[in-house]
Amino acid sequence: MNKTEARARVWAIVAAVLDGRRGDLRPLLDDLEPDDLTTVVHGLAHLACLGIAEGQHGPALAARVREQLLKLAIENGPRSADD
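Definitions and cut-offs
- Residues numbered from 1 in each chain as written.
- Predicted model: local features only at pLDDT ≥ 70, side-chain atom pairs only at ≥ 80, totals over all residues.
- Heavy atoms only, no water.
- Helix = DSSP H or I, 4+ residues; strand = E, 2+ residues; numbered from the N terminus.
- Buried < 20%, exposed > 50% of the residue type's maximum accessible area, 1.4 Å probe, protein only.
- Contact = heavy atoms within 4.5 Å.
- Areas by Shrake-Rupley, 256 points an atom, 1.4 Å probe, with all protein chains shown as cover.
- 1 Å grid on protein atoms, 1.4 Å probe; cavity = no way out; pocket = protein on both sides within 12 Å on 5 of 7 lines; lining within 4 Å.
- Points joined across faces, edges and corners; volume = space filled by probe spheres on them.
- Nonpolar A, V, L, I, M, F, W, Y, C, P; charged D, E, K, R; others polar.
- Expected span 1.5 Å × (residues − 1).
- Arc of directions from axis to C-beta.
- Core = buried A, V, L, I, M, F, W, Y, C linked by side-chain atoms within 4.5 Å.
- Salt bridge = Lys/Arg side-chain N within 4 Å of Asp/Glu carboxyl O.

Novice: Tell me what's going on with the overall build of the protein, and back it up with residues and numbers.
Specialist: Secondary structure summary: the protein contains four helices and zero strands in total. From first element to last, N terminus to C terminus, the protein shows the α and β order α-α-α-α. Residue burial in the protein is summarised as follows: out of 83 residues, 17% are buried. Taking the intrachain contacts of the protein between residues at least 6 apart in sequence as the baseline, contacts between residues at least 24 apart amount to 38%. Here the protein displays about 6,500 Å² of accessible surface, and carbon together with sulfur accounts for 58% of that area.

See the structure below:
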């Protein structure tokens, strides 16, 4: 999978989520080889990070993401495996 194909897959996944088409996610992931799946997950994580810390990069971005994750963990508290 080249970069253009990976980007297209990432945007297709994002569109499915935004449209509430949960059933469309498996077909978008099932045919991916492990390396391609890693690339797509990386792209999705990158988009998530941009939404958390717009304009930040490197250590500043990592610090902001950690801050947001910690805030979520504190707000939601521990959860059991059954949640």
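There's plenty left to go through after this.
Novice: If you had to explain the layout of surface pockets to someone new, which residues and values would you point to?
Specialist: Taken as a whole, the largest pocket spans an internal volume of roughly 230 Å³. Along the walls of the largest pocket sit Lys3, Ala6, Arg7, Val10, Trp11, Thr39, His42, Gly43, His46 and Leu47, which together make up its complete lining. Going through the elements one at a time, helix H1 (3-18) and helix H3 (34-52) are the ones with two or more residues in the lining of the largest pocket. In the lining of the largest pocket, the residues fall into four nonpolar, four polar and two charged.

Novice: Explain helix H4 (residues 58-76) residue by residue, including any values.
Specialist: Along an α-helix, a turn takes 3.6 residues, which lines up residues three or four apart on a common side. For H4, with 19 residues, the first-to-last C-alpha span of 27 Å sits near the 27 Å given by 1.5 Å per residue. All buried positions along H4 are accounted for by Leu61, Val65 and Gln68. In a view along the axis of H4, the buried residues occupy a sector of 65°, so they form one face of it. Exposed residues on H4 whose side chains face more than 90 degrees from its buried face are Pro59, Arg66, Leu70 and Ile74. Directly after H4, the chain includes Gly77, whose backbone phi takes a positive value near 65°.

Novice: Outline the nonpolar core, supporting the account with residue identities and numerical values.
Specialist: Note that soluble globular proteins tend to have their nonpolar side chains buried in a common cluster. Residues Val10, Ile13, Ala16, Leu28, Leu32 and Val40 constitute the largest nonpolar core, which totals six residues. Examining the composition of this core, we find that three residues originate from one element, H1, more than from any other. In this structure, Leu28 is in contact with Arg9, Ala12, Ile13 and Ala16, ignoring residues within four places of it in sequence.

Novice: Can you break down the pattern of salt bridges residue by residue, with the values?
Specialist: Where charged atoms from two side chains of opposite charge come close, those side chains can pair. Applying the stated criterion to the full structure yields four salt bridges. Two residues, Arg9 and Asp31, come together in a salt bridge whose shortest N-O distance is 2.8 Å. Within this pair, whereas Arg9 is found in helix H1, its partner Asp31 is found in the loop between helix H2 (25-30) and H3, the two being separated by 22 residues in sequence. Residue Arg9 is classed as buried on the basis of its relative accessible area, which comes to 17%. Taking the shortest distance from any N to any O, the salt bridge between Arg21 and Asp19 comes out at 3.3 Å. For Arg21, a relative accessible area of 34% translates into the label partly exposed. Through salt bridges with shared partners, a single network forms among Asp19, Arg21 and Asp24.

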